[in-house]
Amino acid sequence: MLAVATPEVLWWALLPVLFLSVGGLLLLTVASLVRRLPDWLPQAWTVVTGLAVLVACVPMWCEVRDEGPRTTLAGSVAVDGSTVLVTAVLAAVVVAVALLARPYLRREDLPGVEVYVLLMLSAAGGVVMASADDLIVLFLGLEILSIAVYVLAALHLRRIESQEGAMKYFVLGAFASAFLLYGMALVYGATGSTRLALVAEHLSATVLVDDSMLLAGIALLLVGLAFKVAAVPFHAWTPDVYQGSPTPVVAWMAAGVKAAGFAAMVRVLVTSLGTHASDWAPPVGVLAVASVLVGAVVAVLQTDVRRMLAYSSVAHAGFLLLGVQAADADGTAAVYAYLVVYALLATGSFAVLTVMGGDGDAAHHLDDYRGLARRRPVLAGAFTLLLLGQAGVPFTGGFVAKLGVLAAAVADRGYWVAGLAMLGAAAAAFVYLRILVSMYLEDPDAEAADGSTGPAVPLGARVVIGVACAGVLFVGLVPGPLLDLARDAVPVLVGS
Amino acid sequence: MVVTTTWYLVLAAVLFSMGSVGLLTRRNPLVMFMCVELMLNAVNLTFVSLGADLGDLGGQLSVFFVLVVAAAEVVVGLAVIVAIMRRRPGATADDLSVLGG
């Protein structure tokens, strides 16, 4: 009998992916076999799965910290601080979105199992993407993540906007994936391997006589990744998709998809192609500045709060790119700290929007927020804190995050980039101010004024908004633990 | 005349460009999907010819993954189209303009 050499598998390191994918498939199977599933079961199952992943991350983190990073499955999956941190962020967002989804589905009268299944499968893809040590594995993770999100975006059956957003997301997403894949093929051709460790090894050991194929590959990779994280000029889908999709799903797109995308970007660009940073860092810097400025300025012109937050998410992507273009350990650590804070801010903000959407998920105009402080003081207060955090006001987590990436850019002598980004941050503050003015200084509409107290806030949304606000405040007041965590999460390439 | 790897790479680049231009200019959703397929298969051709050039199996292996992903992607895309066509028979990409972008 022919012996087949099987690679060594660190099962404990694959637990998060296994939990999420098996959890999702199990739920799908049970839901299709049982005629009527109790309403609470899919949500509870998703929350338990997400929490199980979070718990599994603790021993993984300790193991990685004590024993050092390593790679498994024949060098295709990295087990390092970056993997564990991003996995934990994704799992936390899954729990939050599951908590938001049930009251939303009941309010909109939508069927209830698919959201949870797709959410878990999408998160499994995100974890694969964040831990990929091989370009093909990265592509697979990205597609598992994206394909599930395309369906999630189209999930609101009675809103044509939902399907329209999904169609736009799908076409541009497929376009971006093809570019990314072409970039991978060219990098493979130039270096002879798709494994990130071998790519880095090859690039540091040899001087390419003709590096045009490598440069073209890097450029295409950059285009593909910039589409996924919604950086200008590849951001066109963001406002439409954020406006059209069910609001809890948008929370996942903003927090989860972006975290996985940046984890992959850091691993490929900074860690693997770090020797060629002088080639890719300037374009990334341009993307960063363009994203921050365009995101902030165009957000001011919007009247739909979801579109405002979509453009502000573009601006956030710009700040994250600022950390990436520094191309060193400090910049990377700043990106991870920013990702954690942004996950808190985005899930919290879109939780508020889920609540405010009202029947039909339609009440997202700026006017719908008029006088919210009088009708729902606690909700308005929480939203205020989250918006101030997004603006980067001191004593909130947003300040710590923005300071980190700006400091990394300045340390790298990117004075121009950092200066322009500061300008963008100031312009973005105006957007958040507009929402605040609407909530506090304007009188509610006549119909809203007579007796109505505004939308009811379900328990799940209360928990999510509360935790997000507490997290943002905690990071703002005691930034030390998060910064230490982020510094330990800088990805490392381990050769086999 | 000898057909070298470069020829294949150039052919793949041409196919990829045709796909991407088609995706951006065509209005029929189904033709847009065909353009996505064209782009992905151009990449497959690149992978295979580079793999053969390098004497490495990885390039040919990648094709299998890409094929599966492309199939899954089209399934989802067609489902979204069906959902839209049910509401609006005969819709083209230009009709998708409820959202502001």
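What you see is a predicted model, and the numbers here were worked out from it, not measured in a lab.

(A) The arrangement of the overall build of chain B in detail. Helix and strand counts for chain B come out as 3 helices and 0 strands. Listing each helix as α and each strand as β along chain B from the N terminus yields α-α-α. Classification of the 101 residues of chain B by burial places 38% in the buried group. For chain B, the exposed area adds up to about 5,400 Å²; of that, 70% sits on carbon and sulfur atoms.

(B) Broad picture of helix α13 (residues 329-356) of chain A. Residues and elements named next belong to chain A. Between the first and last C-alpha of α13 there are 40 Å, a value that for 28 residues agrees with the 40 Å anticipated at 1.5 Å per step. Along α13, 25 of the 28 residues are buried, which leaves the element largely enclosed by surrounding structure. After α13 finishes, the residue G358 shows a positive phi value of roughly 65 degrees.

(C) Representation of helix α7 (residues 196-205) of chain A within the structure. Residues and elements named next belong to chain A. By the burial criterion, the buried members of α7 are L196, A197, V199, A200 and L203. All buried residues of α7 fall inside an arc of 160 degrees around its axis, so they share one side. Looking at the buried positions of α7, the neighbouring elements they touch are α5 (135-153), α6 (160-191), α8 (212-229) and α10 (247-272).

(D) The arrangement of the interface of chain B and chain A in detail. Each partner contributes residues to the interface: chain B has 42 residues there, and chain A has 40 residues. When chain B packs against chain A, the two sides together hide about 3,500 Å² of surface, and 81% of this comes from carbon and sulfur. On the surface where chain B and chain A come into contact, there are 0 salt bridges. Linking chain B with chain A are 3 residue pairs in polar contact (both at pLDDT 80 or more). For the side of chain B that touches chain A, the element with the highest residue contribution is helix α3 (residues 58-87) of chain B, accounting for 15 residues. Across the side of chain B that touches chain A, the residue classes tally to 28 nonpolar, 10 polar and 4 charged.

(E) Structural detail: the pattern of salt bridges. Residue and element names in this part refer to chain A. Going through the model one piece at a time under the given rule, you end up with 12 salt bridges over all chains. Put simply, R306 and D304 hold a salt bridge, and the shortest N to O gap is 3.9 Å. Neither residue differs from the other here; R306 and D304 are each classed as buried. A cluster of three or more residues bridged by salt bridges with shared partners is formed by E164, K168, D240 and R307.

(F) Just the confidence of the model for chain B, in detail. Residue and element names in this part refer to chain B. With 88% of its residues at a pLDDT of 70 or more, chain B has an overall mean of 88. By mean pLDDT, the top-scoring element of chain B is helix α1 (residues 5-25) (94), and the lowest-scoring one is α3 (90). Taken together, the chains of this predicted complex give a pTM of 0.94 and an interface ipTM of 0.93.

(G) Focus on the nonpolar core. Residue and element names in this part refer to chain A. W252, W280 and V324 are the most contacted members of the largest nonpolar core, which totals 217 residues. Of the residues forming this core, the biggest block, 19 residues, is contributed by α6. When near neighbours in sequence (up to four residues on either side) are disregarded, W252 contacts L90, V93, V94, V97, L119, S122, A123, L145, V149, L152 and V257.

(H) Summary view of a nonpolar patch on the surface. Residue and element names in this part refer to chain A. Together, W11, L15, L18, F19, V22, L26, V30, L33, V34 and W45 give the surface a local cluster of nonpolar side chains, amounting to about 880 Å² of exposed area. It is helix α1 (residues 11-33) that provides the largest number of residues to the nonpolar patch, a total of 8 residues. Structurally, the position occupied by F19 is in helix α1.

Parameters and conventions
- Residues numbered from 1 in each chain as written.
- Chains lettered and ligands numbered in written order.
- Predicted model: local features only at pLDDT ≥ 70, side-chain atom pairs only at ≥ 80, totals over all residues.
- Heavy atoms only, no water.
- Helix = DSSP H or I, 4+ residues; strand = E, 2+ residues; numbered from the N terminus.
- Buried < 20%, exposed > 50% of the residue type's maximum accessible area, 1.4 Å probe, protein only.
- Areas by Shrake-Rupley, 256 points an atom, 1.4 Å probe, with all protein chains shown as cover.
- Expected span 1.5 Å × (residues − 1).
- Arc of directions from axis to C-beta.
- Contact = heavy atoms within 4.5 Å.
- Buried area = accessible area lost by both parts, 1.4 Å probe.
- Salt bridge = Lys/Arg side-chain N within 4 Å of Asp/Glu carboxyl O.
- Polar contact = N/O pair within 3.5 Å; in protein donor to acceptor, adjacent residues only side chain to side chain.
- Nonpolar A, V, L, I, M, F, W, Y, C, P; charged D, E, K, R; others polar.
- pLDDT = per-residue confidence, 0-100.
- Core = buried A, V, L, I, M, F, W, Y, C linked by side-chain atoms within 4.5 Å.
- Patch = residues over 30% accessible without salt bridge, like charges linked within 9 Å, V, L, I, M, F, W, Y side chains within 5 Å.

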